[in-house]
Amino acid sequence: MGPEFFGDAFLVNGKLFPFLQVEPRKYRFRVLNGANGRFFHLSLSNGQDFHQIGTDQGLLPAPVSLDHLLLAPSERADLVVDFAGHAGEQIVLN
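From a predicted model like this one, the values you see are computed outputs, not experimental measurements.

Draft legend 1. Structural context of the environment of Phe 40. Along the chain, Phe 40 falls in strand E4 (residues 40-42). As for Phe 40 and Ala 72, which are separated by 32 residues in sequence, their C-alpha atoms are 6.7 Å apart.

See the structure below:
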C-alpha cells in the first residue's frame with residue numbers, strides 16, 4: 001500500500017471541474033468520497049440547505065436537513081438539493 005496522495009484537482013464522473021445545467025426543481029445526488037485519504041466538507045456556495053436521505057447503510061428513516069456534510073474516505077451519501085427558486089443562479093458545490 002502506498003502513501004496518501006493529496007492532489008489539487010478532483011474528478012467528478014471522470015471530469016475535471018464539471019458543470020451541470022439544472023432545472024429549478026429537486027435533484028438527487030449519490031456522492032462517494034473516492035479519495036484515499038482526504039475528508040470532504042461539502043456545502044453549497046449560496047448557503048442553502050440540502051437534505052441527506054441515505055448513507056452507506058441505506059436510506060435514512062427520514063430526510064435530514066443540512067447546511068454542510070463531512071464525508072470520510074470511501075463514505076457515501078444520498079443527497080437531495082432543491083433548485084426551485086434559484087433559476088439563473090450559479091451554485092457551486094464547495
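Draft legend 2. Geometry of unusual backbone geometry. One non-glycine residue, Asn 13, lies in the positive phi region at around 50°. Counting through the fold element by element, Asn 13 comes out in the loop between strand E1 (11-12) and strand E2 (15-16).

Draft legend 3. Representation of the pattern of salt bridges. Overall, the coordinates contain three salt bridges when judged by the stated rule. Of the charged contacts, one joins Arg 30 and Asp 78 as a salt bridge, the two residues approaching to 3.6 Å between their closest N and O atoms. Of the two residues, Arg 30 is situated in strand E3 (residues 26-32) and Asp 78 in strand E8 (residues 76-82); the sequence distance between them amounts to 48 residues. Its relative accessible area of 65% is what places Arg 30 among the exposed residues. Two residues, Asp 56 and Arg 76, come together in a salt bridge whose shortest N-O distance is 3.6 Å. Note that Asp 56 is positioned in the loop between strand E5 (50-55) and strand E6 (58-66) and Arg 76 in strand E8, a separation of 20 residues in sequence.

Draft legend 4. Up close: the pairing of E6. In this structure, E5 lies alongside E6, joined through five bridges in antiparallel fashion. Across the sheet, Thr 55 pairs through a bridge with Gly 58, a residue of E6. Counted along the chain from E5 to the antiparallel partner E6, the turn is two residues long.

Procedures and definitions
- Residues numbered from 1 in each chain as written.
- Predicted model: local features only at pLDDT ≥ 70, side-chain atom pairs only at ≥ 80, totals over all residues.
- Heavy atoms only, no water.
- Helix = DSSP H or I, 4+ residues; strand = E, 2+ residues; numbered from the N terminus.
- Salt bridge = Lys/Arg side-chain N within 4 Å of Asp/Glu carboxyl O.
- Buried < 20%, exposed > 50% of the residue type's maximum accessible area, 1.4 Å probe, protein only.
- Pairing = 2+ DSSP bridges.

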